[in-house]
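Per-entry structural report
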Amino acid sequence: MKHERHYGLFTAITMILGIVIGSGIFFKADDILYLSNGNILKGISIFVIAALSIVFGCLSLSTLAARFDIKGGIVSYFEECISPATASGYGWYQVFIYYPSINAIVSWVVILYADQFFGWNLSFDMQIICTALLILFLFASNFFSLRFGGAVQNLTATVKLIPLLIIAAAGLYHLLSGQSISGLAQTSGESAVGRGVFFLGALAPVAYAYDGWQISLAISTEIENPKRNVPRALVIAPLTVLIVYILYFVGIIGLIGPDQLLALGNNAPAAAAEKLFGNFGSRLIQLLIIVSVYGVVNGITLGFIRMPEAMALKYMLPGHGRMDQLHEKYRLSGLSCLFALALSLLWLFFHFLAVKLELLKNSDISEVAICFGLFSLIVLYFRVLRMYLKGEINSRFRGLIAPLLAILGSLSTLFGSFLLNAIYTLIFTIFCLVLCSLGYFYYHSQGKKRALIK
């Protein structure tokens, strides 16, 4: 079946920007500066390394999309380009680890910023309880009202850039009119963190800030003139995100200074806004950030509730015939929604334990999940290399250089995660691989049932 082409280049770019730009940059800037030992230039270089790996990853996967005319997310890429069993394994990682861990962390960030905005002064335990209630609301609102979920996405997409650009512009003006960047190149406190290659540990939080670019590949078959516009969109959009993030990173440091950014942590955006506009302006910026982050978690929830249903339908997840039954009125699977909800709450509990036991300093449970996801894409990059070696791709840049640089970028991100939390990353990576293997073998175990249906 031929897919309808109804998105132009500009729409494709803005959709990718709307997916990628969200919560990460607001509460990861201090982690990036800390891991860079307070050195702005090192921090900027981390943004550049991560962006380039994403650009080449996008180009490599868009080559597969054009070749196989793939419709859908990354699971569809594995299904079409590798095998359905491999897609099942990757799908288990997404359902059991990626989506619920991201959902839990970003929901908590919404509560974190709401706590600052309303002055509740919640304890961490109360933050977790409020986060659980928010997750319940998100799943209920997206299940019972498709129109409401879509309206939230449209609203939040329009406000994402406002606080970023305001702080970036004001901070840059402050730097240019007063203090030079060289004067901010180092915090007053020296530490071993960030010295040598250890500043590459900042690739993990940067990967979080860039996360979501893979989702944009789902629209590649619906873009007009895809051979021309898809590669353009997948280069222009990440580079635009790179520019915005660097401007924000330098801007907020220019406004409040590196030491204050490290000291304030997640409260830094509010402090920067208060310095600019006073109490009223600070609260306005805080509100815009809350709306932006809420839009991110709403979008994650919107996609997650459909994931178990889609996989069960293909015998990639237990529950075929039950998980994929749609509610007559709401046109969604109630069991799929409840399954995704339970996993999100479970990972929220894991986040609670990680913080209480102080297991992950300057990190969280979702970062390694994201790094593993980037690492797993290497399988697809090798598929592009094989196509080039077989003569199926004529362009040396698209068939050889781009996938090689994408592989290097994925390995660098996972290496950065190991530098940050070696033991946790090792255990978590092994856990992800075991889970992917279970998904792989589960699909094979359902061969007879699939044959009977056919």
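Reading guide: rules and limits
Residues numbered from 1 in each chain as written. Predicted model: local features only at pLDDT ≥ 70, side-chain atom pairs only at ≥ 80, totals over all residues. Heavy atoms only, no water. Phe/Tyr/Trp six-rings, centres within 6.5 Å; stacked < 30°, edge-to-face > 60°. Helix = DSSP H or I, 4+ residues; strand = E, 2+ residues; numbered from the N terminus. Buried < 20%, exposed > 50% of the residue type's maximum accessible area, 1.4 Å probe, protein only. Lys NZ or Arg CZ within 6 Å of the ring centre and 35° of its normal. Core = buried A, V, L, I, M, F, W, Y, C linked by side-chain atoms within 4.5 Å. Contact = heavy atoms within 4.5 Å. Salt bridge = Lys/Arg side-chain N within 4 Å of Asp/Glu carboxyl O.

Comments concerning the packing of aromatic side chains
As enumerated under the stated definition, the model contains 24 aromatic pairs in all. Geometrically, the ring pair formed by W92 and F96 is tilted, given 5.3 Å between the ring centres and 50 degrees between the ring planes. With W92 and F96 both in helix α5 (residues 84-118), this residue pair falls 4 residues apart, about one helical turn. W92 sits in the buried class, given a relative accessible area of 10%. Consider the rings of F124 and F352, whose centres lie 5.9 Å apart with planes at 5 degrees: the pair is stacked. In this pair, F124 is assigned in helix α6 (residues 124-144) and F352 in helix α14 (residues 334-356), connecting sequence segments 228 residues apart. With relative accessibility at 18%, the residue F124 sits in the buried group. Joined through ring pairs, the aromatic side chains of F78, Y90, Y93, Y98, Y99, F139, F304, F372 and F375 make up one cluster. Above the ring of F117, the side-chain terminus of R283 is found at 4.3 Å from the ring centroid.

A word on the nonpolar core
Counting residues in each nonpolar core, the largest one holds 141 residues, and the members touching the most others are F47, Y210, Y245, F249, I252, L377 and L380. When residues of this core are assigned to their parent elements, the largest contribution, 21 residues, is made by α5. Setting aside its immediate chain neighbours within four residues, L380 contacts L61, L64, I74, Y77, F78, C81 and I82.

Notes on the pattern of salt bridges
A complete count under the given rule lists 2 salt bridges for this structure. K314 is the salt-bridge partner of E79, the closest N and O atoms lying 2.9 Å from each other. Of this pair, E79 sits in helix α4 (residues 74-81) while K314 sits in the loop between α13 (307-313) and α14, placing them 235 residues apart in sequence. Judged by its relative accessible area of 22%, E79 is partly exposed. Here K314 falls in the partly exposed class, since its relative accessible area comes to 36%. Ionic pairing is found between D125 and K356, a salt bridge with its closest N-O pair at 2.9 Å. Taken together, the residues span a long stretch of sequence, with D125 in helix α6 and K356 in helix α14 at a distance of 231 residues.

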